[in-house]
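# Results of the structural survey
Chain by chain, the residues:
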Amino acid sequence: MPLDPALERVLARIGTNPVPLEDIEGRRQANRAAVDLLGRPRSPGVVVEDRQVPVAGGQITLRLLIPENLERPAPCLFFIHGGGWIMGSLEGAEADCVFGPGDVGAVFALVDYRLAPEHPFPTPYEDCLAAYRYLVDQHEELGIDLARLAISGGSAGANLGAAVAIAARDARWPQPCLQLLEVPAVDLTLSSPSVAEFSSGYGLTGEEVRRCVELYLGDDADRTDPRASPIFAELSGLPPAFIVVAELDPVRDDGERYAAALRAAGSEAACVRILGHLHGSWIIPGTPAWGVVRDMRLSVLRRAFAGRYAPSS
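Computed from a predicted structure; not experimentally measured.

Further remarks concern helix α10 (residues 252-264). Helix length check: α10, at 13 residues, gives a terminal C-alpha distance of 19 Å against a target of 18 Å (1.5 Å per residue), a fit within 8%. Three or more residues of α10 are buried, namely Arg252, Asp253, Asp254, Gly255, Tyr258, Ala259 and Leu262. Those residues of α10 that are buried lie in contact with α7 (156-170), β6 (179-182), α8 (193-197), β7 (241-246) and β8 (269-274). After α10 finishes, the residue glycine 266 shows a positive phi value of roughly 90°.

Quick look at the structure:
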C-alpha cells in the first residue's frame, strides 16, 4: 500500500518528525504552525462575527463567517475542527474547511470547544452540542434556514459531529440535512483492525490514536458510551451521511464501519476511500487528492442544500 507519489514528495520536503504527544503544548504550537503554513487568506467579502455561547463553567466562542449580500434565510455549515480532542482552533477550522462560505453560498459556524486533557469528556461533546443548540434557537436572528443546516468535521471533529447528530435526533431538535464526516474516529474502544494495522509509520499512528483517546476519556469513561463512540448508538432515523476515509489511516475502518452501520439501520450513507493517503493528508496542496476531495465536499454540500443529496423517503 504505497503512498501517493505526490504526497510522498511533499512529506520528503517538509519532514515527518512530530512532537511527542507527551508534550501537549508543543503539539499545539506545531498545529498552529501547520495552520499558518496550510491556511489560505480569508475570502474577501466575508463578514466575521464571534458569538459567545453559555456552557457549564463558562462560555465558548462560535465564529460565524457570513458572505456579504447573502440571501436570507441562508444555508449553514456547522463545522467542528479535529485535533485528537487535545488541539485545534478556530483558525485551524477555517483551514480544515479548504473552501470558504462564499464558495457554497452559506453561513459557516465554527465552534471553539474546550480541549482535553484540561477539559476531558464529556466537555468537548457538550460544548459542541451547546453550539448546535444555539444555532437552532437563534436561527431567525442569525438568518439561518434550519432545513439547510449541515454538520461537518474531521477526525475528532467528525466524532463530535456524529455524536451531535445523534443527540439532536434523540432530543427531537431540528436535525442536520447532512453529516459530512472526514476520517471519523467513531469507535473509541479501538476495535477497528486498521488501528493495529497502522500502529506505526507515517502520519497519525494507532499508538497516537490510543494516547489521544486516553487523554480525552481519562480512566473512568465508558468507551462504548455513544456520546464518545457514536458507532454504539442506535443509528436509525439519522440524517444522510457522506464519509471520506484514507487508505493508510488507523481510523480508516471506523469510517467504513460507520457507513455500513448507518445503512444497516436504514439511514442513508456513502463512503469514499482515498488511496495512498494518510489521515486527512489531502489537506496538503500539491496532491491530486487535494482538489478531488475539495470538489467532492463542495458538490455534496451543494446537493444537500438543494435537497438533492439523498432520495426522500
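There is more to say, and it comes next.
What follows covers the side chain of threonine 61. Looking at where threonine 61 falls in the secondary structure, it is placed in strand β2 (residues 58-67). The buried category is assigned to threonine 61, whose relative accessible area is 16%. Within the local environment of threonine 61, its side chain forms a polar contact with the side chain of glutamine 52, the two groups lying 3.3 Å apart. For threonine 61, the contacting residues outside a window of four places in its chain are Asp50, Arg51, Gln52, Leu90, Leu110, Val111 and Asp112.

So, on to the packing of aromatic side chains. Here the structure, examined in full by the defined rule, presents 5 aromatic pairs. Note on tryptophan 85 and tyrosine 216: the rings are 4.7 Å apart at their centroids and 0° apart in plane angle, and the pair reads as stacked. Taken together, the residues span a long stretch of sequence, with tryptophan 85 in the loop between β3 (74-80) and α3 (90-97) and tyrosine 216 in helix α9 (residues 206-217) at a distance of 131 residues. When sorted by exposure, tryptophan 85 lands in the same class as tyrosine 216, which is buried. Aromatic pair phenylalanine 242 and tyrosine 309: ring centres 6.5 Å apart, planes at 90°, arrangement edge-to-face. Residue phenylalanine 242 is found in strand β7, and its partner tyrosine 309 is found in the segment after α11 (288-305); the two are separated by 67 residues along the sequence. Phenylalanine 242 sits in the buried class, given a relative accessible area of 6%. An aromatic cluster is present here, built from Trp85, Phe121 and Tyr216 joined pairwise through their rings.

In this section: the environment of aspartate 127. Its location among the elements puts aspartate 127 in helix α5 (residues 123-137). Placed 73 residues apart in sequence, aspartate 127 and proline 54 show a C-alpha to C-alpha distance of 8.9 Å. With sequence-adjacent residues up to four places away left out, aspartate 127 is seen in contact with Val55, Ile60, Val111, Tyr113 and Arg114. A distance of 2.8 Å separates the side chain of aspartate 127 from the side chain of arginine 114, its partner in a polar contact.

Reading the values: the criteria
Residues numbered from 1 in each chain as written. Predicted model: local features only at pLDDT ≥ 70, side-chain atom pairs only at ≥ 80, totals over all residues. Heavy atoms only, no water. Helix = DSSP H or I, 4+ residues; strand = E, 2+ residues; numbered from the N terminus. Expected span 1.5 Å × (residues − 1). Buried < 20%, exposed > 50% of the residue type's maximum accessible area, 1.4 Å probe, protein only. Contact = heavy atoms within 4.5 Å. Polar contact = N/O pair within 3.5 Å; in protein donor to acceptor, adjacent residues only side chain to side chain. Phe/Tyr/Trp six-rings, centres within 6.5 Å; stacked < 30°, edge-to-face > 60°.

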